[in-house]
Amino acid sequence: MIFIISQAEGEHSTVAVMDWLHYKNAHHYRINGLDAILRHTYLLGNGNETRIERTDNTDTILPSKTDTIWFRRWMSGKATMFSSLEIGGDANLINVYNFLRKENATIREYFLHNLKTNKTLGNPSKDALNKLEVLVAAAQAGMDIPRSIVTSSKQHLLEFRQSVPDIIVKSLCNPAMYSYEGSNYVSYTATFNEAQLAALPATFHPSLVQENIPKAYELRVFYLDGACYAMAIFSQSNNQTAVDFRRYDRATPNRNVPYKLPAELSAKIGRLMQLIDLNCGSIDIVRTPEGKYYFLEVNPVGQFGMVSFPCNYFLEEKIADWLIEKDQA
Amino acid sequence: MSTMPNNQVWMLFSCCIPVKGSRRSLIYDLQRGRYYFIPNAMYELITLYEGKPLEEAKAAYQHEHDAVIDQYIAFLFNNELAFHTDTPDHFPKISLEWKSALHITNAVIDTTIHSNHDYNDIITQLSQLGCAALQCRFYEEVTLTAITSILAAAKQSRLRSVELVIPYQQTITEPVLDTLMQENKRLNSIIIHSAPTASRQLKPAFNATLVYTTEVINDASHCGFINASHFRTNIELFTEAQAHNSCLNRKVGIDVNGNIKNCPSATQAFGNVQHTSLESVISQSAFRKAWDISKDKTAVCKDCEFRYMCVDCRVFVADENDPYSKPSKCSYDPYTAQWLNETENPQSKLFRTLETTSSTPVTN
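Residues numbered from 1 in each chain as written. Chains lettered and ligands numbered in written order. Predicted model: local features only at pLDDT ≥ 70, side-chain atom pairs only at ≥ 80, totals over all residues. Heavy atoms only, no water.

Some details on the overall build of chain B
Rules: Strands here mean DSSP runs of E at least two residues long; helices mean DSSP runs of H or I at least four residues long; both are numbered from the N terminus. Under this rule, positive means Lys or Arg and negative means Asp or Glu; His and the chain ends count for nothing. In plain terms, the charge of a residue is placed at NZ if it is Lys, CZ if Arg, CG if Asp and CD if Glu.
Of the regular secondary structure elements, chain B holds ten helices and 15 strands. For chain B, the centre of its 32 positive side-chain charges and the centre of its 39 negative side-chain charges are spaced 2 Å apart.

In structure tokens form, the structure reads like this:
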């Protein structure tokens, strides 16, 4: 049986893969991370095996040793909060929130610990990759990476900038999201100019600063167990998307077209994915006007839908086929 | 673009695909959902010289048309249809393969007050077949209870969107419809026919559209109109239309009497849903025959530049005895490039400007 671990909301790509599994009559079952936490009881083994049961007393279906797992996602990082909680101020609210998150994380770890199969697409322990480790691994795999520094010191930043005049600042982990007065905001990669630099205090929150790599176009590559499916993103003709293509222009979207990677670059991507122990993921690369490729980062949980659809690659079917093949092996 | 180094060549973004018609051609911008009229001479330039140095194209025409060629290239770049590259080999054409994981992608169920459909059973069957979109068309009065029960069945199914077509009834007020849309996320379109006044409202809060039309939709003949406002320029329709019928492929229709058909307006029935399963019908080759009547196989349509953006009709056709004849409710003539009631639009004006610049046909 094929097990899909995902989240409830906004998972069109998960559903599209399940459609193919259904079409090919492959037995599959989906469990969302939130359900594993809120709708299961864990009876800890006391000399015997741990039992996990559904709280609604319907049949509990969990992966066994011979099953194949697709670790797609778990759940959004939000913990369940009770809005009526009277806890005396923001500091307490943050403490309670962090406490609940860690409680949930402990259940997650234990649930995943109980999955015994070795046939897994995606890596549950790698859904939050360390961007810095990955950058260094990419360099080890033979790729060019932007010169990078993490610092809280203005002086060190100024020294870095003497050899790297054009710089950007980006988050160390996933972008932060905020809601304010009905609108949603998310942090983006930004350029850093002279005036902003001058205005910095002597010390600031540790930040990842990188060489701004000039772009002819960007590549988004979906990697699936040795195969690369690449798309070129022409983000440069549009000021809104020039620094960060995720600042989508919905009226006139960037041109996204199929791209054929040079064999040498595909091989380097394969080496990188082996180094960081991932058998699928999306890789962001920049191609400079001079024709050099620079590695930027890996998204370990996919985003294959945004490559599959415009390039007509049918990646959803390819993922389904991978799962079916492994499950029958 | 005169500063381009010599090793740079021009190419169309592969999501921008030229399609040749009898009298003129189109570039389908599948990504941005737009299209551009171009002269057939520009189609020829693109198909023969894309990805090659511009000089080569100009020389091939003995430099007699350099100005026209420059103008065509400028048109492609001004509309962001083309780009320069020194590595054309890295930019393959987009695959035109079409496939779907759904045995049935869409279904239409027609209902009058005399119909006796078991909606629960039909929706369960459609769900098994993967059906994504359902249209329920009511020619006569329908109760709110009946609608609610259909929507409840949809909620338990793999259906992703439901469109309701119902007659105007005073008891079904807009607040009632709002509640329906709010409680049923899959209900994303309601069309009220026979309404006293026409209007169209987007309901972003419910991700739905509410349309009132004064048209009286009281039987299955209200269909099959071919009209530029129905054109859709996207990769799904474009690829599907390459080898399949753009209306009937993977569709199933159930008429007011429960007869299973390619479309409720069709005459041929393949059994009644009360005692024949949908699965057994859609696996019959006779039923699937209509799925493969592509525009490329259809008279007149095969010469039409709109053939991969147009939604076909196989029921109302010019010659009842010829399944490959042109839709009868289409007023476009690709041989003259004229609609029967063509109105002035900026696109056709621009086309004429481009066309006049190439009044001398460009030939090799």
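Looking at the overall build of chain A
For clarity, the cut-off: Throughout, radius of gyration means the C-alpha value; the globule benchmark is 2.2 Å times the number of residues raised to the power 0.38. Note on classification: 1.4 Å probe, protein chains only; a residue is buried when its accessible area is under 20% of the maximum for its type, exposed when over 50%, partly exposed between these limits. By the convention used here, residues are in contact when the closest approach between their heavy atoms is within 4.5 Å. Surface accessibility in these figures is a Shrake-Rupley result with a 1.4 Å probe; residues are shielded only by whichever protein chains are displayed.
A tally of regular secondary structure across chain A gives nine helices and 17 strands. Computed over C-alpha atoms, the radius of gyration of chain A comes to 22 Å, within 12% of the 20 Å expected from 2.2 N^0.38 for 329 residues, which places it in the range of a compact globule. Taken along its principal axes, the extent of the C-alpha atoms in chain A is 65 × 55 × 40 Å. Here chain A, with 329 residues, has 45% of them falling under the buried criterion. Taking the intrachain contacts of chain A between residues at least 6 apart in sequence as the baseline, contacts between residues at least 24 apart amount to 68%. Counting only carbon and sulfur atoms, one obtains 51% of the accessible surface of chain A, whose full area is about 17,400 Å². Taking the average location of the 33 positive side-chain charges in chain A and that of its 35 negative ones, the two points are 3 Å from each other.

A short note on the pattern of salt bridges
Heads up, the rule is: Any Lys or Arg side-chain nitrogen found within 4 Å of a carboxyl oxygen on Asp or Glu counts as a salt bridge.
Using the criterion set out here, one finds 31 salt bridges over all chains in the structure. Between Arg24(B) and Glu305(B) there is a salt bridge, and its shortest N-O distance comes to 2.8 Å. Here Arg24(B), found in the loop between β2 (16-20) and β3 (25-29), pairs with Glu305(B), found in the loop between α9 (285-288) and β14 (332-333); they are 281 residues apart in sequence, far enough to count as distant. Just as Arg24(B) is buried, Glu305(B) falls in that class too. Through salt bridges with shared partners, a single ionic network connects Lys24(A), Glu317(A), Asp321(A), Glu97(B) and Lys99(B).

A short note on the domain arrangement of chain A
Residue and element names in this part refer to chain A. Test applied: All domain edges in this entry derive from an automatic or database-based domain assignment. In short, buried area is how much 1.4 Å probe accessible area vanishes from two parts on joining, totalled over both. Pairs of N or O atoms within 3.5 Å make up the polar contacts considered here, provided that, within protein, one atom can donate a hydrogen while the other can accept it, and that residues adjacent in sequence are counted only when both atoms are side-chain atoms. Each residue is assigned to one class: nonpolar for Ala, Val, Leu, Ile, Met, Phe, Trp, Tyr, Cys and Pro, charged for Asp, Glu, Lys and Arg, and polar for all the others, Gly among them.
If you check the domain split of chain A, you get domain 1 (2-123), domain 2 (128-146 + 213-300) and domain 3 (148-211). If you average the C-alpha positions of domain 2 and of domain 3, the two centres end up 21 Å apart. Contact with domain 2, which involves ten residues of that partner, is made by 15 residues of domain 3. Of the roughly 1,100 Å² buried between domain 2 and domain 3 on both sides combined, carbon and sulfur atoms contribute 55%. In this assembly, domain 2 and domain 3 are joined by one salt bridge. At the junction of domain 2 with domain 3, the criterion picks out four residue pairs in polar contact (both at pLDDT 80 or more). In terms of residue count, the dominant contributor to the side of domain 2 that touches domain 3 is helix α4 (residues 131-140) (three residues). Broken down by class, the residue content of the side of domain 2 that touches domain 3 amounts to five nonpolar, no polar and five charged.

Things to note about the side chain of Asp284(A)
Residues and elements named next belong to chain A. Within the secondary structure, Asp 284 sits in strand β16 (residues 280-287). Only 2.5 Å separates the side chain of Asp 284 from the side chain of Arg 220, close enough to count as a polar contact. Dropping the residues within four chain positions of it, Asp 284 is found in contact with Leu 219, Arg 220, Tyr 294, Phe 295, Leu 296 and Glu 297.

Here's the deal with empty space enclosed by the protein
Any empty space left between the atoms is revealed when a probe the size of a water molecule rolls over them. All names here are of chain B. Using the following cut-off: A 1.4 Å probe that fits but cannot get out identifies a cavity on a 1 Å grid over protein atoms alone, an open set with protein on both sides within 12 Å along at least five of seven lines counts as a pocket, and a residue lines either if it has an atom within 4 Å of a point. Grid points are joined across faces, edges and corners, and a volume is the space filled by probe spheres set on the points.
This structure, assessed with the given rule, holds three cavities of 30 Å³ or more. Reported here for the largest cavity is a volume of approximately 110 Å³. Together, 15 residues line the largest cavity, and Ile 226, Cys 301, Cys 304, Cys 310 and Cys 330 are the ones closest to its centre. Residues of the lining of the largest cavity, tallied by class, amount to twelve nonpolar, no polar and three charged.

A short note on helix α4 (residues 119-128) of chain B
Residues and elements named next belong to chain B. Residues of α4 that are buried include every one of Tyr 119, Ile 122, Ile 123, Gln 125, Leu 126 and Ser 127, and no others. Next to the buried residues of α4 lie β6 (106-111), β7 (133-138), α5 (144-155), β12 (251-254) and α8 (278-282). Positive backbone phi, approximately 85°, marks Gly 130, located one or two places after α4.

Focus: the domain arrangement of chain B
Residue and element names in this part refer to chain B. Each domain of chain B was delimited in the assignment, giving domain 1 (9-90) and domain 2 (106-289). Measuring from the centre of the C-alpha atoms in domain 1 to the corresponding centre in domain 2 gives 41 Å. Taken together, the eight residues of domain 1 in the interface contact five residues of domain 2. Note on domain 1 versus domain 2: buried area summed over both sides is about 560 Å², and carbon and sulfur give 78% of it. In terms of surface lost to domain 2, no three residues of domain 1 exceed Tyr 28, Leu 30 and Tyr 35, which account for 74% of the buried area on that side. Where domain 1 packs against domain 2, one counts zero salt bridges. Of all the secondary structure elements, the ones that give two or more residues to the side of domain 1 that touches domain 2 are β2, β3 and β4 (34-38). Split into classes, the residues belonging to the side of domain 1 that touches domain 2 amount to five nonpolar, one polar and two charged.

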